[in-house]
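Summary of structural features
Take a look at the letters that make up each chain.
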Amino acid sequence: MFTRFVQSARTAVVEAQAATRALGHDSVTPSHMLVGVARAEPELTSPLTAEQLQSAIRAPGIDRRALASIGIDYDAVEREVEASFGPGALASGRTCGQLAFAPESKKALELALREAQDREDEHIGPEHLLLALLDDHDVAEVIRRCGADPKEMKDRL
Amino acid sequence: MTEATKLAEKVSSKDPAVGLKAVASLRTLLERLERLQVENAREQGWSWQQIAAALDVSKQAVHKKHGGGGLLSRRRK
């Protein structure tokens with residue numbers, strides 16, 4: 001799969017795993033891949049930095065809006081738990097274990113391959129990866145949370 | 001009122017998509033809280049027996065779920 005990836009695209013994947021670990025999550029989602037791309041090729045996501053994007057990622061598996069609909073304020077729970085157990089205490093998983101790529105991330109990698117084929121590019125670069133990632137709902141949400149427009153980012157590519 | 005609560009007001013609570021998502025999110029939250037609390041109890045020297053009693057489950061169940069055995073504990077920092 002990665003044989004046609006240029007070096008910076010490989011770096012993006014490695015950085016995505018590092019971001020996932022740093023956040024204490026156990027699955028590399030497209031949002032983590034977005035952070036990886038921003039680390040590997042900062043101008044692609046500019047003016048948004050990798051740090052900004054990383055801090056906009058929410059723990060997977062928790063839908064705050066849905067919880068709020070039954071009267072649970074997840075932010076309040078997180079605040080209380082972190083006050084006792086430290087930052088990231090409620091993050092998803094065993095950070096010491098093996099990281100898995102989320103199915104959406106695998107899909108994005110395949111999509112990146114297709115983007116490259118469509119453009120008749122021989123190699124897969126971080127720009128193809130980003131193009132594929134921008135189709136992901138959560139990725140768009142992370143970008144919006146940082147105050148940018150995912151569509152605009154896509155148009156620039 | 002938080003942003004999330006305000007958002008929720010716009011959503012009908014009869015919408016199954018929201019209701020089911022809430023259940024799934026609650027389950028995720030529960031699992032994370034349980035892991036955190038069990039780890040904390042172990043670090044404070046609680047036995048599996050004590051933890052199981054507090055969680056109202058069998059000792060076997062809690063050990064199977066959180067015990068992990070040699071491999072996991074070795075991997076831990």
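Here, the structure is the one placed above.
All values reported here derive from a predicted model rather than from experimental measurement.

Points about the overall build of chain A
Scanning chain A from terminus to terminus reveals 10 helices and 2 strands. Along chain A, from the amino end to the carboxyl end, the secondary structure elements read α-β-α-α-α-α-α-β-α-α-α-α. For chain A, the proportion of its 157 residues judged to be buried stands at 47%. Contacts in chain A between residues far apart in sequence, at least 24 positions, make up 63% of those at least 6 positions apart. On chain A, roughly 7,700 Å² of surface is accessible, and the fraction owed to carbon and sulfur atoms is 48%.

Observations regarding the nonpolar core
One broad trend across soluble globular proteins is that nonpolar side chains are buried collectively. All names here are of chain A. Of all hydrophobic cores here, the largest spans 36 residues; its most connected members are Leu53, Leu129 and Ile143. The set of elements that each furnish at least two residues to this core consists of α1 (7–23), α2 (30–40), α4 (50–55), α7 (103–118), α8 (126–133) and α9 (137–145). The leading source of residues in this core is α2, at 6 residues. Look past the residues within four positions of Leu53 in its chain and what remains in contact with it is Leu34, Val35, Ala38, Thr45, Leu48, Val142, Ile143 and Cys146.

Some words on the pattern of salt bridges
All names here are of chain A. Tallying each qualifying case throughout the model produces 7 salt bridges over all chains. Across the salt bridge formed by Arg144 and Glu141, the nearest N and O atoms sit 3.2 Å from each other. Here the residue Arg144 and the residue Glu141 both occupy positions in helix α9, the gap between them amounting to 3 residues, near one helical turn. Of the residues examined, Arg144 reaches a relative accessible area of 45% and is grouped as partly exposed. Residue Glu141 is classed as partly exposed on the basis of its relative accessible area, which comes to 29%. The closest approach of N and O atoms between Lys151 and Asp155, which form a salt bridge, is 3.3 Å. With Lys151 and Asp155 both in helix α10 (residues 150–156) and 4 residues apart, the pair spans about one turn of that helix.

Remarks on the environment of Arg58 of chain A
All names here are of chain A. In this fold, Arg58 is placed in the loop between α4 and α5 (64–69). A relative accessible area of 39% places Arg58 in the partly exposed class. In sequence terms Arg58 and Asp138 are 80 residues apart; their C-alpha atoms lie 9.3 Å from each other. Once residues within four sequence positions are removed from consideration, Arg58 is found in contact with His25, Arg64 and Arg145.

Structural notes on α7 of chain A
Residue and element names in this part refer to chain A. Compared with an ideal rise of 1.5 Å per residue, which puts 16 residues at 22 Å, α7 spans 22 Å between its outermost C-alpha atoms and is within 8% of the ideal. All of the buried residues in α7 are Ser105, Ala108, Leu109, Leu111, Ala112, Glu115 and Ala116. On an axial view of α7, the arc spanned by its buried residues comes to 165 degrees, and they lie on one face. Facing away from the buried side of α7 by over 90 degrees, the exposed positions are Pro103, Lys107 and Asp118.

Here we look at unusual backbone geometry
Put simply, Ser46 of chain A and Pro47 of chain A share a cis peptide bond, and its omega is 10 degrees. Although it is not a glycine, Glu120 of chain A sits at a positive phi angle of roughly 55 degrees. Mapped onto the fold, Glu120 of chain A is located in the loop between α7 and α8. Among the residues examined, Glu120 of chain A registers a relative accessible area of 73% and is labelled exposed. Of note, the phi angle at Asp56 of chain B is positive, near 65 degrees, even though the residue is not glycine. Its location among the elements puts Asp56 of chain B in the loop between α3 (48–55) and α4 (59–66).

So, the packing of α2 of chain A against α9 of chain A
Residue and element names in this part refer to chain A. Direction vectors running N to C along α2 and α9 enclose 55 degrees, while the axes themselves pass 8 Å from each other. Accordingly, the angle class assigned to the pair α2 and α9 is oblique. On the side of α2, the interface is formed by Pro30, Ser31 and Leu34, while α9 contributes Asp138, Val139, Val142 and Ile143.

The rules behind the values
Residues numbered from 1 in each chain as written. Chains lettered and ligands numbered in written order. Predicted model: local features only at pLDDT ≥ 70, side-chain atom pairs only at ≥ 80, totals over all residues. Heavy atoms only, no water. Helix = DSSP H or I, 4+ residues; strand = E, 2+ residues; numbered from the N terminus. Buried < 20%, exposed > 50% of the residue type's maximum accessible area, 1.4 Å probe, protein only. Contact = heavy atoms within 4.5 Å. Areas by Shrake-Rupley, 256 points an atom, 1.4 Å probe, with all protein chains shown as cover. Core = buried A, V, L, I, M, F, W, Y, C linked by side-chain atoms within 4.5 Å. Salt bridge = Lys/Arg side-chain N within 4 Å of Asp/Glu carboxyl O. Expected span 1.5 Å × (residues − 1). Arc of directions from axis to C-beta. Axes fitted to C-alpha atoms, helices over the stretch in contact; angles between N-to-C directions. Parallel < 35°, antiparallel > 145°, perpendicular 65-115°, else oblique.

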